[in-house]
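Each chain, written out:
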Amino acid sequence: MTVTKGKAREKKNTVKTAKIKVSEKTSPKAVSASDQVKQHDCDPCEALDATFKRQVQGVLGRDENATNDMYSALASTIKLQLLEQWRETRLKDNQYQQKQVAYLSLEFLMGRTLGNALLSLDLTDDTHAALKQYSADLETLQEAELDAGLGNGGLGRLAACFLDSCASLDLAVVGYGIRYEYGMFKQKLVDGYQVEQPDRWLREGNPWEVRMANHAITVPFFGHTESYVDLKGHRHYVWIDTQDVNAIPHDMPVPGFRNGRINTLRLWKAEATDDFDLAEFNDGDYTEAVARKNLAEQITMVLYPNDASENGKELRLRQQYFLSSASLQDIIQRYVAVHGTDFSRFSELNVMQLNDTHPSIAVPEMMRLLMDSHGLNWDQAWAITSKSVAYTNHTLLPEALERWPVRMLKHMLPRILDIIYEINARYLEDVAHHWPGDNDKLAAMSIIEEGHEPHVRMAYLAIVASFSVNGVAGLHTKLLKSGLFNDFYQLWPDKFNNKTNGVTPRRWLAHCNPRLAQLLTRRLGDSWMTDLTQLTALNAFTDDKAFIKQWQAVKYDNKVDLTKLIAQECEVVFEPEMMFDVQVKRIHEYKRQLLNILHVIHLYQRIVADDTEGLQPRCVLIGGKAAPGYAMAKQIIKLANNVAHMVNSDPLVTPFLRFAFLPNYNVSAMEKICPATDLSEQISTAGKEASGTGNMKFMMNGAMTIGTLDGANIEMLEEVGEDNFFLFGLNADEVSQLKPHYNPQQYIQQSPALGHVLEMLKSGHFNLVEPGIFDSIIAAIEDPYDQWMIAADFEAYRVAQEKVSQVYADQHHWTQMSIRNTAASGRFSSDNTISAYRDEIWHAK
Ligand code: 26W
C-alpha cells in the first residue's frame, strides 16, 4: 500500500510536464485501455493492482465477476490510497495554522465519488491498467456506484462544488451535513405520472465513508430550563431532563485536485444513547425503549424532498438542530483542544457559513454552548457568535422562507427559544434607535412574527447574527437589498454582498466530458483545470477549420452516447444529427417547463400543418423531479409525457421533432447530458431564479443558452455577448410592473401561435382518454394572477426559438458560438466563487 503511494507521489513531483500527458488520458472513453498500458509507467499500477487483488479476493471475499463487488473492491482500494493524505490534512488543520471554515448545510448533492477521486488523485490511468486483467472495465464499474443524492437541487449541488473548490484551493474547510439513510427519492414514471420510490443508497454499504464513533457528540432535545443565581449575583441557565441523541460522524473524503489536500465532509448519523435505553429498560418497559430508540434514529432517516417550499414538519426542525448542535460542539471541541477555553481568538480562527437558513438554529445554539457550557456572559458570547457566522440566501420566493412555530420550539428546544427571545429583544433596541417611534418597523423586522400562531423568522435570525449576508448572483443580491431584506440593508448596508455561484470544472468538464477535455488540453495545456479563465484562449481558434471539425466531432460523439441513455430510459430514439434542446432541473412553475412544452406543441402543430420551412430537426429533452406534494408540478410532468407520446408516435412528425421526459434526473444523469447538449433552456420568469448553476455547466460544455434576464444568466450574457446568447422575455422590472394589471388574454390574442396551442390543449388532443386532467394547467396560463407570466413571454420565446433554428442551420457559425461559450465560461468556475468567499467573507489564507 505505502509503496504505491510513495511511488505515485514521486512520479508526480519529479515529472511535472507529465501532467499534461496524464490529463490527456483522463478519459475512460477517449483512449483505449491497451494504448494506456503501453504508455504507462507500471510500478504504481502494479502496486495498485496488488491492493486491488487483495480487496477482491482476500479482504472482501468477493466475486470478481459481479460488477457491484468489483466496484466495492476498487472503491476500497482507492480509499486506502487516500487515507494517509487524509490523515495528514487533518493533523495539519488541527494545529489551527489557518482559519478554519465550516460549511453548514442540510444538503450535499455529491453524486458519485469514484471517478472524481481518480481524477483528483491522478490515478485514472493506473486504475485502467490495473483493471486490464479483469473482465470489467472502469466505466462499467463507475456506473455501479449509486449517487450520494443527499440534496434536492441547486443548493445541495452548489455545496458539493464548493467543497471541491475549497480542497483544490488548499483551504481548511469542513463540510457538515446529515447522513440521510434515504436520499432524494427515485423518480419512476407510471402512465406518465411521477411515482416516488425510496432511495436506499446505503443498501450495499458506502465504501467511501469512515465511521468515527470515538468523535460522537450528544445533542439534547425537549426537557425544560431552570435558572439560578451564583454567589457573584450572575444568573445562569440549565437545560435539564433532556432526551439526548448521539450524533456519530461518518466522514467522506474530499480530495483537492492533485494538491495533496484531502478535506472532510462530516455527515452526522443519529443513534440512540445507551443510558436513554437503559433507564427505560430498568423500568421494565423494553418495547417502549426500543420504540424510543427508533424515534432518535428517525432524525437522520430521510431527506425532505421539498425544493423551494418549507413544510413546517417537526422532524425537519429536529434535523436542523441536530446538525447545528453536533457541528458546533465538534468545532468548539477542536478549538478547545488547541487553545483551551480562552475563546478570545475563536472568531479570528473560525467561520461558519450557513447554506441558507436551514442550519440557522446554529445561532442560538452557539450562544447556548458559549454561555451554558463554557461560562461566557451574553456580551462575550454575542461578540464571538456574530463575528463568526455568515449567511447565504438562495431564494427570493416567499414560500421558501423558513418560519418555525414558537410553540414547536418551546416544546422541543426550550433553552434555544429563550435565547432567540433575548437576541430579538436586544436587536430591536437597535431598530428602535434607528427608526425612533416607528412601531410598524419593529413589528416588520422582529425575529418573532406575531399573530394567532407566532413564528420565528429564521432568515431574520440569520441576518441579525451574521457579519455577512450574501446573495448568489448579481440580480439576486440587488433584489435582496431592494426588496426582501431592504429594512436590514438600510440598517446594516455593509453586511450585504454578492457571490455569484460557480461550478467545479473538474467534475463538470474534465470528468464528465473527457473528449472535450482532451481537445482543450491538446490546444491549451492542462492548466485550465485549475484556472478556467485560460479558456478565453479558445477565441483564437474560432476560424480554425480543423479545430471546428474536432469540436463538432466531440459534440457528435457525446450526443451518440446520450442517445443510448435516452433510448434505454425513455424508449425514444434521439438522432445525433438533430439539435439537442434540453431543460433539466427541478420541476417548478417559476422555472417554466410549461413554456417549453407549449413551444413543443407549437412546433408539433406546425409540422402537422406541413409548415416546416426554416425548422431545424430537434430532439427536446426535459427532466426533473417534482416535490411529492406539489400537484401542479406533477401535472406538468404528466403533460410533458402525454405530449411526448403524441409527438413520437407520429411518423410525419418525428423527422422534425422528438420529445422525451427523462425519469430520475440526478447528478450522474447531468454528467451525460451536459456534454451532449446543443441548446440549454434557462427560461425562468425574470427575478425568480436566484442564480441557476445548470446554466453554467451547459455553457462550459459548449451549449448555447436560450434564456431570460434572470439569475446568473445575466452575467453569462455579459461574458459571452448578446451575439452568442438567445435572449428573450420580460426583465425583472417589467415583470413586477406588469403584475398588477397583467392580462393574459391580451397576449393570447396577440399571439396566434399561442392561441392555437391553447385551443389544442383545450380540445383534449393530448388527453383523449383522461378528460379534464390538464384543466388546472390551462386555467393557470389564463389566470391574471399567474405570477409566472407564461402567456406574456410566449411570443418572445417563440421568436427566439426561430432564431435558434436559423443559426443552427449554419453549423459553422453555430460551432463558433459554441466555442465562444466555453471560452467565456471561466468566470463560472466555483474556484473563482470560492476565492471571493475566501478573500471577502472568510478572510482565510
Ligand atoms: C425549506 C425548504 C427549502 C428547500 C430548498 C427551501 C428552499 C430551498 C432552496 C431555495 C433550494 C435551492 O436549491 N435554491 C437554489 O440555489 C441554487 C444555488 O444557489 C441557485 O442556483 C438556484 O437559483 C436556487 O433556486
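Calculation notes
Residues numbered from 1 in each chain as written. Predicted model: local features only at pLDDT ≥ 70, side-chain atom pairs only at ≥ 80, totals over all residues. Heavy atoms only, no water. Helix = DSSP H or I, 4+ residues; strand = E, 2+ residues; numbered from the N terminus. Rg over C-alpha atoms; globule rule 2.2 N^0.38 Å. Buried < 20%, exposed > 50% of the residue type's maximum accessible area, 1.4 Å probe, protein only. Contact = heavy atoms within 4.5 Å. Near = heavy atom within 4 Å. Polar contact = N/O pair within 3.5 Å; in protein donor to acceptor, adjacent residues only side chain to side chain. Areas by Shrake-Rupley, 256 points an atom, 1.4 Å probe, with all protein chains shown as cover. Axes fitted to C-alpha atoms, helices over the stretch in contact; angles between N-to-C directions. Parallel < 35°, antiparallel > 145°, perpendicular 65-115°, else oblique. Left-handed = near helix turned anticlockwise from the far one by under 90°. Nonpolar A, V, L, I, M, F, W, Y, C, P; charged D, E, K, R; others polar. Expected span 1.5 Å × (residues − 1). Salt bridge = Lys/Arg side-chain N within 4 Å of Asp/Glu carboxyl O. Patch = residues over 30% accessible without salt bridge, like charges linked within 9 Å, V, L, I, M, F, W, Y side chains within 5 Å. Lys, Arg positive; Asp, Glu negative; His and termini not counted. Charge placed at Lys NZ, Arg CZ, Asp CG, Glu CD. Core = buried A, V, L, I, M, F, W, Y, C linked by side-chain atoms within 4.5 Å. Pairing = 2+ DSSP bridges. pLDDT = per-residue confidence, 0-100. Disulfide = S-S within 2.5 Å.

1. Digging into the overall build of the protein
Then, number 1: If you tally the helices and strands in the protein, you get 36 helices and 25 strands.
Then, number 2: Taken against the 2.2 N^0.38 rule, which gives 28 Å for 845 residues, the C-alpha radius of gyration of the protein at 28 Å falls within 12% of a compact globule.
Then, number 3: Each principal axis of the C-alpha atoms in the protein carries an extent, and together these give about 90 × 70 × 55 Å.
Then, number 4: By residue count, 61% of the 845 residues in the protein fall in the buried class.
Then, number 5: Within the protein, residue pairs in contact and separated by at least 24 positions form 77% of the contacts whose partners lie at least 6 positions apart.

2. Considering the site of the ligand
Then, number 1: Around the ligand lies a shell of 22 residues, among which Leu155, His394, Asn501, Glu689 and Gly692 are the nearest.
Then, number 2: Note that an oxygen atom of the ligand is positioned 2.6 Å from one of the side-chain N or O atoms of glutamate 689.
Then, number 3: Between glycine 692 and the ligand, the recorded distance is 2.8 Å, taken from a backbone N or O atom to an oxygen atom.
Then, number 4: Within the complex, 95% of the 560 Å² of free accessible area of the ligand lies under protein.

3. Quick notes on the packing of helix α12 (residues 314-339) against helix α14 (residues 362-373)
Then, number 1: The geometry of α12 relative to α14 is characterised by a closest axis approach of 9 Å and an angle of 45° between their N-to-C directions. As far as their axial angle goes, α14 and α12 are oblique. Handedness of the α12/α14 crossing: right-handed. Facing α12, whose interface residues are Tyr321, Ser324, Ser325, Leu328, Gln329 and Ile332, α14 presents Ala362, Glu365, Met366, Arg368, Leu369 and Leu370.
Then, number 2: In the contact of α12 with α14, the residues fall into seven nonpolar, three polar and two charged.

4. Here's the deal with α12
Then, number 1: Taking 1.5 Å of rise per residue, the 26 residues of α12 would be expected to cover 38 Å, and the 37 Å separating its terminal C-alpha atoms lies within 8% of that figure.
Then, number 2: Note on α12: the residue one or two positions beyond its end, glycine 340, has a positive phi of about 65°.

5. Focus on the pattern of salt bridges
Then, number 1: Here the structure, examined in full by the defined rule, presents 48 salt bridges.
Then, number 2: The closest approach of N and O atoms between glutamate 209 and arginine 179, which form a salt bridge, is 2.8 Å. With glutamate 209 in the loop between β6 (193-197) and β7 (210-211) and arginine 179 in the loop between β4 (173-178) and β5 (186-190), this residue pair connects regions lying 30 residues apart in the sequence. With respect to burial, glutamate 209 and arginine 179 carry one shared label: buried.
Then, number 3: Here the salt bridges share partners, and the residues they tie into one network are Arg606, Asp611, Glu795, Arg798 and Glu802.

6. With respect to unusual backbone geometry
Then, number 1: The phi dihedral of arginine 592 falls on the positive side, at around 60°, and the residue is not glycine.
Then, number 2: Assessed through its relative accessible area of 1%, arginine 592 is described here as buried.
Then, number 3: In the Ramachandran plot, aspartate 610 falls in the positive-phi region, its phi being about 65° despite a non-glycine side chain.
Then, number 4: As for its position among the elements, aspartate 610 is in the loop between α25 (593-608) and β21 (618-623).
Then, number 5: You can call aspartate 610 exposed: its relative accessible area is 64%.

7. Some remarks on a positive patch on the surface
Then, number 1: Together, Lys186, Lys188, Arg200 and Arg203 give the surface a local cluster of positive charge.
Then, number 2: If you trace the backbone, lysine 188 turns up in strand β5.
Then, number 3: Judged by relative accessible area, which is 34%, lysine 188 ranks as partly exposed.

8. Considering the nonpolar core
Burial of nonpolar side chains together is a common tendency in soluble globular proteins.
Then, number 1: Judged by nonpolar contacts, the single largest core of 139 residues is most densely connected at Ile78, Phe221, Tyr427 and Trp842.
Then, number 2: Take this core: its biggest share by element is nine residues, from α12.
Then, number 3: Membership of the second largest hydrophobic core comes to 70 residues, among which are Ala633, Ile637, Ile778 and Met789.

9. Observations concerning helix α20 (residues 474-484)
Then, number 1: Looking at α20, one finds that the buried residues are Leu475, His476, Thr477 and Leu480.
Then, number 2: Those residues of α20 hidden inside the fold are in contact with β18 (468-471), α21 (486-491), β19 (496-498), α29 (713-720) and α30 (732-738).

10. Some points on the side chain of glutamate 365
Then, number 1: Of note, glutamate 365 is situated in helix α14.
Then, number 2: The buried category is assigned to glutamate 365, whose relative accessible area is 0%.
Then, number 3: A polar side-chain atom of glutamate 365 sits 2.7 Å from a polar atom in the side chain of serine 325.
Then, number 4: Here the side chain of glutamate 365 touches arginine 368 through a polar contact of 2.9 Å, side chain to side chain.
Then, number 5: Leave out the neighbours within four places in its chain, and glutamate 365 touches Tyr321, Ser325, Leu328, Gln329 and Ile416.

11. Digging into the packing of helix α15 (residues 378-388) against helix α17 (residues 414-434)
Then, number 1: It is at 13 Å that the axes of α15 and α17 come closest, and there the two elements cross at 85°. With respect to α17, the element α15 is oriented roughly perpendicular. Packed against α15, whose contacting residues are Trp378, Asp379 and Trp382, the element α17 presents Ile419, Glu422, Ile423 and Arg426 at the interface.

12. Concerning the pairing of strand β14 (residues 389-392)
Then, number 1: Here β14 shows two buried faces, one formed by Val389 and Tyr391 and the other by Ala390 and Thr392.
Then, number 2: Across four bridges, strand β13 (residues 350-355) lies against β14 in parallel orientation. Following the sheet pairing, glutamine 353 is matched in β14 by alanine 390.

13. Topic: the sheet that holds strand β16 (residues 448-449)
Then, number 1: If you trace the three strands from one edge of the open sheet to the other, you get β15-β17-β16, paired in antiparallel fashion. Only two strands of the sheet have a single partner each, and these edge strands are β15 (403-405) and β16.
Then, number 2: Of the pairings in the sheet, the one linking β16 to strand β17 (residues 455-457) comprises two bridges and is antiparallel in character. The residue of β17 that forms the bridge with glutamate 449 is histidine 455.
Then, number 3: This element, helix α19 (residues 458-465), spans β15 and β17 of the sheet and lies at about 45° to β17.

14. Thoughts on the confidence of the model for the protein
Then, number 1: Looking at the protein as a whole, its pLDDT mean stands at 93, while 93% of the residues score no less than 70.
Then, number 2: Counting interchain partners and residues more than four positions distant, the pLDDT-below-50 stretch residues 1-42 has 66 contacts.

15. Here's the deal with the state of the cysteines
In protein chemistry, a disulfide is the covalent bond that joins the sulfur atoms of two cysteines.
Then, number 1: Tallied over the entire structure, the rule returns zero disulfides.
Then, number 2: Here cysteine 166 is not disulfide-linked; the sulfur of cysteine 161 is the nearest cysteine sulfur, at 11 Å.
Then, number 3: Counting only cysteine sulfurs, cysteine 512 is the nearest neighbor of cysteine 674, a cysteine outside any disulfide, at a range of 4.0 Å.

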